[in-house]
Amino acid sequence: MPTAYRIELEAGEVLFREGDAPTTAFLIESGTLRITAERDGAPMRLGDLSAGALVGEMAVLDDSHRSATVTAVSACVLTPIDRAQFAERLQAADPVVRALLLSQLSRYRTALATFTGNDPMVAAAAAGDAESAHALDKIRLESQLRSAMENRELEIRLQPIQHIASGRLAGFEALTRWTHPERGVVSPADFIALAEETSLIVPVGEYVLREVCIALRRIGEEAPHTRPFIAFNVSGRQVGDSEYVARVLAQMRAHAVAPAQLKIEITESLVLDYSQIATLIERAHTAGMQVALDDFGTGYSNLGHLHKLAFDTIKIDQGFIRQLDDPRCLAIVRAVIGMAGALGCDVVAEGVETPEHLAQLKILGCQYAQGWLIGKPLTVDDALAALTR
Ligand code: C2E
Ligand code: MG
Ligand code: MG
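Just so you know, these numbers come straight off a predicted model, no measurement behind them.

Caption draft 1: Representation of the site of ligand 1. The local shell around ligand 1 holds 21 residues, among which Glu173, Thr176, Arg177, Glu353 and Trp372 are the closest. For ligand 1, an oxygen atom lies 2.8 Å from a polar atom in the side chain of Glu173. Thr176 is positioned with one of its side-chain polar atoms (N or O) 2.5 Å from an oxygen atom of ligand 1. Isolated, ligand 1 exposes 800 Å² of accessible area, and the fraction of that covered by the protein chains is 82%. Breaking the shell around ligand 1 down by element, the ones donating at least two residues are strand E10 (168-180), helix H5 (188-197), strand E12 (229-234) and strand E14 (290-296). Of the residues forming the shell around ligand 1, the biggest block, 4 residues, is contributed by E10. Residues of the shell around ligand 1, tallied by class, amount to 7 nonpolar, 7 polar and 7 charged.

Caption draft 2: The arrangement of the nonpolar core in detail. Formed by 79 residues in total, the largest nonpolar core has its most connected members in Phe232, Leu262 and Ile264. The element best represented in this core is helix H6 (residues 201-222), accounting for 10 residues. By size, the runner-up hydrophobic cluster in this structure holds 15 residues, among which are Ile7, Ile35, Val70 and Cys76.

Caption draft 3: Representation of the pairing of strand E5 (residues 42-50) within the structure. Bridge analysis of strand E4 (residues 32-39) against E5 gives 8 bridges, and the strand direction is antiparallel. Bridge pairing in E5 places Thr32 opposite Ser50. Connecting E4 to the next strand, E5, in antiparallel fashion are 2 residues, including Asp40 with a positive phi near 50°.

Caption draft 4: Representation of the packing of aromatic side chains within the structure. In this structure the tally under the stated criterion is 2 aromatic pairs. With a centroid separation of 6.4 Å and an interplanar angle of 25°, the aromatic rings of Phe16 and Phe26 are classed as stacked. Linking Phe16 in strand E2 (residues 14-16) with Phe26 in strand E3 (residues 24-30), this pair joins segments that are 10 residues apart in sequence. Among the residues examined, Phe26 registers a relative accessible area of 1% and is labelled buried. When the centroid spacing of 5.7 Å and the interplanar angle of 85° are considered together, the rings of Trp178 and Phe191 count as edge-to-face. Of this pair, Trp178 sits in strand E10 while Phe191 sits in helix H5, and the two are 13 residues apart along the sequence. The buried category is assigned to Phe191, whose relative accessible area is 0%. Lying across the ring of Tyr274, Lys308 places its NZ or CZ 4.8 Å from the centre. Of note, Lys376 hangs over the ring of Trp372, and the distance from its end group to the ring centre comes to 4.9 Å.

Caption draft 5: Examining the side chain of Asp294 more closely. The topology assignment puts Asp294 in strand E14. In this structure, Asp294 is buried with no salt-bridge partner, the nearest side chain bearing the opposite charge being Lys315 at 4.5 Å.

Caption draft 6: Structural detail: the packing of H6 against helix H14 (residues 380-388). In contact at an axis separation of 11 Å, H6 and H14 are set at 35° when each is read in the N-to-C sense. Here H6 runs over H14; the crossing is right-handed. Mapping the contact onto sequence places Ala215, Arg218, Ile219 and Glu222 in H6 and Val380, Asp381, Leu384, Leu387 and Thr388 in H14.

Caption draft 7: Quick peek at the state of the cysteines. Taken as a whole and judged by the stated rule, the model has 0 disulfides. We note that Cys366 lacks a disulfide partner, and the nearest cysteine sulfur, in Cys345, lies 12 Å from it.

Caption draft 8: Summary view of the domain arrangement of the protein. The domain architecture assigned to the protein consists of domain 1 (7-116) and domain 2 (153-388). Put simply, the middle of domain 1 and the middle of domain 2, counted by C-alpha atoms, are 53 Å apart.

Caption draft 9: The arrangement of the pattern of salt bridges in detail. By the definition in use, this model includes 15 salt bridges. A salt bridge links Glu173 to Lys315, with the nearest nitrogen and oxygen atoms 2.8 Å apart. Taken as a pair, Glu173 in strand E10 and Lys315 in strand E15 (residues 313-316) lie far apart in primary sequence, 142 residues in all. According to the relative accessible area criterion, Glu173 is buried, its value standing at 3%. Judged by its relative accessible area of 1%, Lys315 falls in the buried class. Here the salt bridges do not stand alone but share partners, grouping Arg34, Arg45 and Asp48 into one network.

Caption draft 10: Spatial organisation of the coordination of the magnesium ion (ligand 3). Protein-derived coordination of the magnesium ion (ligand 3) comes from Asp294 (OD), Asp295 (OD), Glu350 (OE) and Glu350 (OE), at a distance range of 2.1 to 2.6 Å. All donors to the magnesium ion (ligand 3) come from one chain, and their sequence spacing reads D-D-x54-E. Distance-wise, the magnesium ion (ligand 2) is placed 3.9 Å from the magnesium ion (ligand 3), both being coordinated by Asp294. Here Asp294 is found in strand E14, whereas its partner Glu350 is found in the loop between strand E16 (346-349) and helix H13 (355-364), with 56 residues between them in sequence. Residues Asp294 and Glu350 agree in their burial class; the two are buried.

Caption draft 11: Inspection of the coordination of the magnesium ion (ligand 2) at higher detail. All of the protein donors around the magnesium ion (ligand 2) are Glu173 (OE), Asn233 (OD1), Glu265 (OE) and Asp294 (OD); their distances to the metal are 2.1 to 2.2 Å. Within one chain, the residues serving as donors to the magnesium ion (ligand 2) are arranged as E-x59-N-x31-E-x28-D. Take Asp294: its relative accessible area is 5%, and that puts it in the buried class.

Analysis parameters
Residues numbered from 1 in each chain as written. Chains lettered and ligands numbered in written order. Predicted model: local features only at pLDDT ≥ 70, side-chain atom pairs only at ≥ 80, totals over all residues. Heavy atoms only, no water. Near = heavy atom within 4 Å. Polar contact = N/O pair within 3.5 Å; in protein donor to acceptor, adjacent residues only side chain to side chain. Areas by Shrake-Rupley, 256 points an atom, 1.4 Å probe, with all protein chains shown as cover. Helix = DSSP H or I, 4+ residues; strand = E, 2+ residues; numbered from the N terminus. Nonpolar A, V, L, I, M, F, W, Y, C, P; charged D, E, K, R; others polar. Core = buried A, V, L, I, M, F, W, Y, C linked by side-chain atoms within 4.5 Å. Buried < 20%, exposed > 50% of the residue type's maximum accessible area, 1.4 Å probe, protein only. Pairing = 2+ DSSP bridges. Phe/Tyr/Trp six-rings, centres within 6.5 Å; stacked < 30°, edge-to-face > 60°. Lys NZ or Arg CZ within 6 Å of the ring centre and 35° of its normal. Lys, Arg positive; Asp, Glu negative; His and termini not counted. Salt bridge = Lys/Arg side-chain N within 4 Å of Asp/Glu carboxyl O. Axes fitted to C-alpha atoms, helices over the stretch in contact; angles between N-to-C directions. Left-handed = near helix turned anticlockwise from the far one by under 90°. Contact = heavy atoms within 4.5 Å. Disulfide = S-S within 2.5 Å. Domains from an automatic or database assignment. Donors = N, O, S within 2.8 Å, 3.2 Å for Na, K, Ca; no water.

Structure below.
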């Protein structure tokens, strides 16, 4: 079929036949088309389509042969739509949505084949299958994550954060762990990203916050003189919720936790919507809570925004700390610590793994360190033991 701006058919003219290879889909601008499929050698009417409907899009979507013949009932005007136009959009779509669409399509084709008694003309689409399998895997994981929350299979681990000058254990960062019955420990890098794709991150966030409050409550009871803070990570969707800080406060009150013991961590790549973050910081401060900028140096590091956002803490990403031996990296870390000091922010160095790096950070005047050298993420029991040691 030559690609034209519009195609005109006269009554009785065939647009394409069952078994043809697909090249184009069509939007019906005017007129009526009839869809038929052969059954026992005779054409069987499947339906009529008129203005506003798409026709021939199925074969274009899943790259199968035409499963029906389309004939003009009256004079028709059609706009051809090149398969690439669909293919690009389909490729850009959420893989789960794509899997749902292709699964529906294949079910329709099977039903049609059963109905007409013909072989289903479904393309093998091997690449699509691997992709669908991945998408279905995601859906499965998402269901399991929901039930993990119900069964309290998600746990928080508390990674110690040390005040460098005094060597004192100042607080912790809550990191979420999911021990999956079959997959073992699933990294937050995997399941948090999955939860962030949908609103599932909201209940996950609430769950983590509740666990953090429970831990703080226990620490208050069992190690009352220590008063460490616990920092927890929030995601984009949570930040976008205008009631987010109010929700945090409600949880805090329910567990009788002091706001000064909670710290919100916002990863740098989220600081795109400047006014949203500004509002969040303002509300957190009014409530007596601090806010940290996480993974500094990895996202956009937009200094134009940074000077307007009153973060209490800047966490330098572990990528910089790991390369502290490189003079250029050292220069960046020194400059960030200087800048943070001038802005009235504390600095936490993330990913501190060696005594040399800790010593270097101390010389640079960095206030806090977090990393394997200080301590791995601990269970709440072990965190309590570390506090009272
Ligand atoms: P993050 O907030 O930057 O947390 C620090 C990550 O670095 C953690 O990885 C931690 O285990 C790891 N880490 C700490 N010290 C060292 C070190 O010395 N060396 C090395 N190589 N790694 C170190 P983890 O636990 O895998 O978490 C990954 C990310 O997942 C976190 O990065 C955070 O962005 C996100 N995340 C974790 N829990 C939650 C959560 O409850 N909610 C949200 N929204 N995100 C979370
Ligand atoms: Mg963090
Ligand atoms: Mg970080």
